[in-house]
Amino acid sequence: MRLRCGLASALSAALAASLAGCSLLFGPSDDVWRGETSAEVDAAPVIAETDGGVDASTDGPSGNSAPPFTCPADALLCDDFERDDVLGSFERMGGNVTITTAQAHSGTRSLSAVLKRDVESPFLEKNLRPPPRITLSLWFYAASAPTPDYTIRLAHLLWGRACDWDFTWQLSLTRGGLRADVGTYDDDTNPGCGPVDFDSVTVLDAAATFVPKWHHVVVTNDVSVRPRRATIQVDDGPVSVLEMTSRRTRSPSSLGVAVGAPCVQTTGGCFGWDHADYGVFIDDVSIVPTP
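If you're wondering where the values come from, they're calculated on a predicted model, not measured in any experiment.

A. Region of interest: the state of the cysteines. Here the structure, examined in full by the defined rule, presents three disulfides. Bridging Cys 163 to Cys 193, the disulfide has an S-S length of 2.0 Å. Residues Cys 163 and Cys 193 are joined through a disulfide that is left-handed, its torsion about the S-S bond being -80 degrees. Of the two residues, Cys 163 is situated in the loop between strand E9 (151–161) and strand E10 (164–174) and Cys 193 in the loop between strand E11 (177–185) and strand E12 (195–205); the sequence distance between them amounts to 30 residues. Residue classification places Cys 163 among the buried positions, given a relative accessible area of 2%.

B. Summary view of the pattern of salt bridges. In the structure shown here, the tally under the stated rule is 17 salt bridges. We note a salt bridge from Glu 125 to Arg 92, for which the minimum N-O separation is 2.7 Å. Residue Glu 125 is found in strand E7 (residues 123–128), and its partner Arg 92 is found in strand E4 (residues 92–94); the two are separated by 33 residues along the sequence. A salt bridge links Lys 116 to Asp 277; the nearest nitrogen and oxygen atoms lie 2.7 Å apart. Placement of Lys 116 in the loop between strand E6 (110–115) and E7 and of Asp 277 in the loop between strand E16 (255–265) and strand E17 (278–289) is noted, with a sequence separation of 161 residues between them. With a relative accessible area of 17%, Lys 116 lands in the buried category. What emerges from the salt-bridge pattern is a single network uniting Arg 161, Asp 164, Asp 166, Asp 186, Asp 187, Arg 228, Arg 247 and Arg 248.

C. Expanded view of the nonpolar core. If you look at the biggest cluster of nonpolar residues, it comprises 52 residues, and the most contacted ones within it are Leu 157, Trp 169, Leu 178 and Ile 232. Residues within four places of Leu 178 in sequence aside, it is in contact with Phe 140, Leu 154, Leu 171, Ser 172, Leu 173, Val 201, Thr 202, Val 203, Leu 204, Thr 209, Val 217 and Val 234. In this structure, Ala 162, Cys 163, Trp 165 and Cys 193 belong to the second largest nonpolar core, which totals six residues.

D. Local environment of the environment of Gly 94. Tracing the sequence through the fold places Gly 94 in strand E4. Of the residues examined, Gly 94 reaches a relative accessible area of 5% and is grouped as buried. Sequence separation between Gly 94 and Val 119 is 25 residues, and the spatial gap between their C-alpha atoms is 9.1 Å. With residues up to four places along the chain from it excluded, the contact list for Gly 94 reads Glu 120, Ser 121, Pro 122 and Phe 123.

E. Layout of unusual backbone geometry. Note the cis peptide between Thr 147 and Pro 148, where omega equals 0 degrees. Assignment of secondary structure puts Pro 148 in the loop between strand E8 (133–141) and E9. Of the consecutive residues Arg 226 and Pro 227, the connecting peptide bond is found in the cis state with omega at 5 degrees. As for its position among the elements, Pro 227 is in the loop between strand E13 (215–222) and strand E14 (228–234).

About the thresholds
- Residues numbered from 1 in each chain as written.
- Predicted model: local features only at pLDDT ≥ 70, side-chain atom pairs only at ≥ 80, totals over all residues.
- Heavy atoms only, no water.
- Disulfide = S-S within 2.5 Å.
- Helix = DSSP H or I, 4+ residues; strand = E, 2+ residues; numbered from the N terminus.
- Buried < 20%, exposed > 50% of the residue type's maximum accessible area, 1.4 Å probe, protein only.
- Salt bridge = Lys/Arg side-chain N within 4 Å of Asp/Glu carboxyl O.
- Core = buried A, V, L, I, M, F, W, Y, C linked by side-chain atoms within 4.5 Å.
- Contact = heavy atoms within 4.5 Å.

Below, the structure is given as C-alpha cells:
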C-alpha cells in the first residue's frame, strides 16, 4: 500500500478545505485492535462492473422493495441519488464514484464507490455548520469482505478543524464485519495528524455484514456534552455507545461529512488501493438536527 497523503499535506490549508480527500485519520491497526496478525482471506466473490460501478447483483437481487425515500423537512443534508449527476447535495467528489442502477435501497439508483488501483479513494463530501447534536442515517450494501484484510471507511463525521478535530466518528468495513470508531485530535499534543485518544466497537459481525442485502445505519453525534458521545444502531439491532473525552470546553461549530470509501487503512493513515477493484453502494443518506 502507498500512503496517499503525506504529513505536510495533512497539515496544509488544502486539507482543511477538503477533509475526506486527503485526511490522515489514524487509529489502531486491525492487528492491534484484534490482538492478532493480518492474514489474507479467501478470495471475494467475483465483482463485475456495471454503469461504472460495481454490480453486486451477482450475489443478490439488483433492487429492493423499500418505499420511496423522502427527505426529512429539517434535513441538513439529504440525498437519495435518484439523478444523473454524481455530486448532487454534496460539495466535492473524488475517485471512482458514480450513480448506478446496479443496486438501490429505494427507487432505482444508488451511489457506487469503487476502489481502483492507482486511483484516489472514492468519496463525496460536504462541510456543514450544524447544531452540536445531529443524527446521520444511511444505507449501505457490501456483499463481500475486503481482501486483503484492510479497513475500508464507508463514512465519517469530523467535528472541528482539520487534524485538530475535537471529535471524530468513522464507520468502516473490516474482515471482522462493520466497525464504528471515535477519536479526538489535538495538534499541539500530536502534530502528526493522529488521534490522542481512540476507541472502537464492532456493530455488526462479518456473517451479518457481508451478505447480499442493504444495511441501515443510524448514528447520533452529541458534541454538546463532555465526554463527546456517539450512539450507533444497525438494522434495528442493539444500540452501541462510544464516548470520547475532549480537552475543549466549547462545542465545535464545523462538521466534515464524507460517504463512499474515503479512506483505506492498514496501520494508520489513508493509503492508495493496490488490488483488484472493490466496491460498495451507499443510498438514502440524511443528516438532521437531533433534539
